[in-house]
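Structural characterization, general
What follows is each chain in one-letter form.
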Amino acid sequence: MAEFDPEKFEDKYANYFTELQRAYKNAFETMNDRFDSELVHAIDQQVLNESEPFYEDGDFRVELPENPTDRVTAIVVDEGKLETTLERYVEEIEAELRSVFGLDERDEPKA
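Residues numbered from 1 in each chain as written. Predicted model: local features only at pLDDT ≥ 70, side-chain atom pairs only at ≥ 80, totals over all residues. Heavy atoms only, no water.

Going by an unreviewed UniProt entry, the protein chain carries the name DUF5783 family protein and comes from Haloplanus litoreus.

Okay, structure coming up:
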C-alpha cells in the first residue's frame with residue numbers, strides 16, 4: 001500500500017479507489033456478522049451507496065445523503081433500531097478507513 005497523502009484524497013476515486021472499496025467491504029462484513037443482515041443490506045444499498053468519505057482535520061468522516069433513514073424502504077424496521085445501526089455502520093466505515101490507510105491510532109507502528 002502506498003503511503004496515505006491527504007492531498008491525494010481530494011481526488012479519492014482516482015487515487016484510492018481500491019482502498020475505499022476494501023474499507024467499505026470490511027465494514028459491511030463486520031456489520032453483517034453482528035447485526036440484522038436484512039437491515040445491513042438495506043442500509044448498504046439504500047443509504048451508503050450515496051455516502052461520501054472525507055478526510056479532514058486528521059481523521060475520516062462519512063457524509064450521508066439527505067434524510068438517510070427515509071431512504072430505507074426495502075424493509076420495515078423500528079426507527080430507533082435503524083438510527084442506531086446506521087450510526088454504528090458509519091463508525092465502522094470510518095474505523096476501517098483509518099485501518100486501511102494505516103492511520104488507526106490503536107495500531108502499533110509496524111517494525
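Moving on, we get to the overall build of the protein chain. Within the protein chain, the regular secondary structure consists of four helices and two strands. In terms of overall dimensions, the protein chain is globule-like: its C-alpha atoms have a radius of gyration of 15 Å, near the 13 Å expected for 111 residues. By principal-axis analysis of the C-alpha atoms, the protein chain measures approximately 45 × 25 × 25 Å. Out of the 111 residues belonging to the protein chain, those deemed buried represent 39%. Across the protein chain, every contact between residues at least 6 apart in sequence was considered, and the portion connecting residues at least 24 apart equals 66%. Mean positive and mean negative side-chain charge positions of the protein chain (12 and 31 charges, respectively) differ by 5 Å. (Helix = DSSP H or I, 4+ residues; strand = E, 2+ residues; numbered from the N terminus. Rg over C-alpha atoms; globule rule 2.2 N^0.38 Å. Buried < 20%, exposed > 50% of the residue type's maximum accessible area, 1.4 Å probe, protein only. Contact = heavy atoms within 4.5 Å. Lys, Arg positive; Asp, Glu negative; His and termini not counted. Charge placed at Lys NZ, Arg CZ, Asp CG, Glu CD.)

In this section: the side chain of Gln46. Topologically, Gln46 is positioned in helix 3 (residues 37-46). Of the polar contacts made by the side chain of Gln46, one reaches the backbone nitrogen of Thr73; its length is 3.0 Å. Ignoring sequence-local partners within four residues, the contact set of Gln46 consists of Arg71, Val72, Thr73 and Ala74. (Polar contact = N/O pair within 3.5 Å; in protein donor to acceptor, adjacent residues only side chain to side chain.)

A general tendency of soluble globular proteins is for nonpolar side chains to be buried together. In this structure, Phe9, Ile43, Val72, Tyr89, Ile93, Leu97 and Phe101 are the most contacted members of the largest nonpolar core, which totals 27 residues. Looking at this core, the elements with two or more residues in it are helix 2 (17-34), helix 3, strand 2 (59-63) and helix 4 (79-100). The element that contributes the greatest number of residues to this core is helix 4, accounting for seven residues. Here Ile93 is in contact with Tyr24, Ala27, Leu48 and Val62, once residues within four sequence places are set aside. (Core = buried A, V, L, I, M, F, W, Y, C linked by side-chain atoms within 4.5 Å.)

Now for a negative patch on the surface. A contiguous patch of negative charge on the surface is contributed by Asp70, Asp78, Glu79, Glu83, Glu87 and Glu91. One can find Asp70 in the loop between strand 2 and helix 4. (Patch = residues over 30% accessible without salt bridge, like charges linked within 9 Å, V, L, I, M, F, W, Y side chains within 5 Å. Areas by Shrake-Rupley, 256 points an atom, 1.4 Å probe, with all protein chains shown as cover. Salt bridge = Lys/Arg side-chain N within 4 Å of Asp/Glu carboxyl O.)

Another point: the packing of helix 2 against helix 3. Between helix 2 and helix 3, the shortest axis-to-axis distance is 8 Å and the interhelical angle comes to 150°. In terms of their interaxial angle, helix 2 and helix 3 are classed as roughly antiparallel. Relative to helix 3, the crossing made by helix 2 is right-handed. Packed against helix 2, whose contacting residues are Phe28, Met31 and Asn32, the element helix 3 presents Ser37, Val40, His41 and Asp44 at the interface. Residues that form the contact of helix 2 with helix 3 fall into these classes: three nonpolar, three polar and one charged. (Axes fitted to C-alpha atoms, helices over the stretch in contact; angles between N-to-C directions. Parallel < 35°, antiparallel > 145°, perpendicular 65-115°, else oblique. Left-handed = near helix turned anticlockwise from the far one by under 90°. Nonpolar A, V, L, I, M, F, W, Y, C, P; charged D, E, K, R; others polar.)

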